[in-house]
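Next come the chains, spelled out residue by residue.
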Amino acid sequence: KYLFKSVCVNSTNVKLCSQLLKDSPVLVCAVVGFPLGASSTDAKVFETHRAIQEGATEIDMVINVGAVKSSDYEMVLNDIASIARICHANNSILKVIIETALLTDDEKVVACQLSKVAEADFVKTSTGFGPGGATAEDIALMRRVVGSRMGVKASGGIRTYEDVQEMVAAGASRVGASASVKIVQGS
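The present account deals with the structure reproduced in this document.

Definitions and cut-offs
- Residues numbered from 1 in each chain as written.
- Predicted model: local features only at pLDDT ≥ 70, side-chain atom pairs only at ≥ 80, totals over all residues.
- Heavy atoms only, no water.
- Helix = DSSP H or I, 4+ residues; strand = E, 2+ residues; numbered from the N terminus.
- Rg over C-alpha atoms; globule rule 2.2 N^0.38 Å.
- Buried < 20%, exposed > 50% of the residue type's maximum accessible area, 1.4 Å probe, protein only.
- Contact = heavy atoms within 4.5 Å.
- Areas by Shrake-Rupley, 256 points an atom, 1.4 Å probe, with all protein chains shown as cover.
- Lys, Arg positive; Asp, Glu negative; His and termini not counted.
- Charge placed at Lys NZ, Arg CZ, Asp CG, Glu CD.
- Expected span 1.5 Å × (residues − 1).
- 1 Å grid on protein atoms, 1.4 Å probe; cavity = no way out; pocket = protein on both sides within 12 Å on 5 of 7 lines; lining within 4 Å.
- Points joined across faces, edges and corners; volume = space filled by probe spheres on them.
- Right-handed = clockwise from strand over helix to strand, strands pointing away.
- Pairing = 2+ DSSP bridges.
- Core = buried A, V, L, I, M, F, W, Y, C linked by side-chain atoms within 4.5 Å.
- Axes fitted to C-alpha atoms, helices over the stretch in contact; angles between N-to-C directions.

Here the focus is the overall build of the protein chain. The secondary structure content of the protein chain amounts to eight helices and seven strands. For the protein chain, the C-alpha radius of gyration of 15 Å lies close to 16 Å, the compact-globule estimate for 187 residues. By residue count, 47% of the 187 residues in the protein chain fall in the buried class. Sequence-distant contacts, at least 24 apart, represent 63% of the contacts inside the protein chain between residues at least 6 apart. Accessible area for the protein chain stands at about 9300 Å²; split by element, carbon and sulfur atoms hold 52% of it. Once the 19 positive and 20 negative side-chain charges of the protein chain are each reduced to a mean point, those two points are 6 Å apart.

Spelled out as structure tokens, the structure:
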């Protein structure tokens with residue numbers, strides 16, 4: 001009805017959503033490694049393959065926050081790049097959820113840089129399950145790091161049309177919200 005860009009669901013619901021939306025321009029997005037990002041790369045790879053096979057054309061993977069915080073950048077880069085390769089081989093988009101509320105500004109910069117080097121299509125603020133959601137400051141920081149060619153998705157805690165406007169003004173190219181219908185109706 002509202003023609004949102006995509007619906008983001010757990011991978012167990014991808015097949016059903018793909019069937020329900022088959023005659024719609026709305027894409028199906030599956031979360032991978034959700035919500036903690038602590039799954040092994042092999043598990044994320046399997047989950048990504050399965051979600052794409054069942055109809056997902058977008059993947060939102062959760063970064064391994066523990067690896068970022070312990071400066072295991074090789075592991076983080078391999079994790080993201082492994083999923084990016086699968087997505088791009090299947091004409092799917094990869095968004096990397098960096099869970100900004102758990103990271104320092106320096107760690108946010110590193111997470112965005114690693115996502116860019118790994119050829120992700122977007123960086124995304126949060127799962128909505130962490131201690132905080134999107135902030136205009138984080139969106140602006142992420143946009144500065146990834147530049148204009150990569151997407152920045154604001155998600156977590158966005159509940160009003162004014163919140164959406166603030167995120168877009170800060171540099172978000174996409175906004176995710178569980179209150180999307182309410183936001184559109186209120187605009």
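Along its 17 residues, helix α4 (residues 73-89) runs 24 Å from first to last C-alpha, staying within 8% of the 24 Å computed at 1.5 Å per residue. Every buried residue of α4 is accounted for by Val-76, Asp-79, Ile-80, Ala-81, Ser-82, Ile-83, Ala-84, Ile-86 and Cys-87. Along its buried surface, α4 packs onto α2 (41-53), β3 (58-62), α3 (65-69), β4 (93-97) and α5 (105-117). Positive phi appears at Asn-91, one or two residues downstream of α4, with a value of about 55°.

Moving on to the layout of surface pockets. In this model, the largest pocket occupies a volume close to 910 Å³. Around the largest pocket sit 38 residues that line it, and Cys-8, Gly-176, Ala-177, Ser-178 and Ser-180 are the ones nearest its centre. Put simply, the parts of the chain that give the lining of the largest pocket at least two residues each are β1 (6-10), β6 (151-155), α7 (161-170), β7 (174-176) and α8 (180-186). Top contributing element to the lining of the largest pocket by residue count: β1, with five residues.

Most of β6 sits inside the fold, with five of its five residues counted as buried. The alternating pattern of β6 places Gly-151, Lys-153 and Ser-155 on one face and Val-152 and Ala-154 on the opposite face, and all of these are buried. Following the chain from strand β5 (residues 122-124) across helix α6 (residues 136-146) to the adjacent parallel β6, one finds a crossover that is right-handed. Bridging between β6 and β7 involves three bridges; their strand directions are parallel. Note on β7: the bridge partner recorded for Ser-155 is Gly-176.

Inside soluble globular proteins, nonpolar side chains tend to come together where they are buried. In this structure, Ile-59, Ile-63, Ile-80, Leu-94, Val-96 and Ile-98 are the most contacted members of the largest nonpolar core, which totals 50 residues. For this core, the element with the highest residue contribution is α4, accounting for seven residues. Excluding anything up to four places from it in sequence, Ile-59 contacts Cys-29, Ala-30, Val-32, Thr-48, Ala-51, Ile-52, Ile-83, Cys-87, Ile-93, Leu-94 and Lys-95.

Strands in a sheet are paired, the pairing made by backbone hydrogen bonds, and the direction either parallel or antiparallel. Taking strand neighbours across the sheet as the criterion, the seven strands line up as β1-β2-β3-β4-β5-β6-β7 in an open arrangement whose pairing is parallel. One side of each edge strand has no neighbouring strand; the edge strands of this open sheet are β1 and β7. The sheet shows a mean angle of 25° between the axes of neighbouring strands, direction not considered. Bridge analysis of β3 against β4 gives five bridges, and the strand direction is parallel. What sits directly across from Ile-59, in β4, is Leu-94. Across the face of the sheet, α6 comes into contact with β5 and β6 while running at roughly 165° to β6.

Our next topic: the pairing of β4. Both faces of the sheet carry side chains from a regular strand, because those side chains alternate between them. Here β4 lies mainly inside the structure; four of its five residues are buried. Pairing geometry for β4 and β5, over three bridges, is parallel. Bridge pairing in β5 links Lys-95 to Phe-122. Handedness of the β-α-β unit built from β4, α5 and β5 comes out right-handed.

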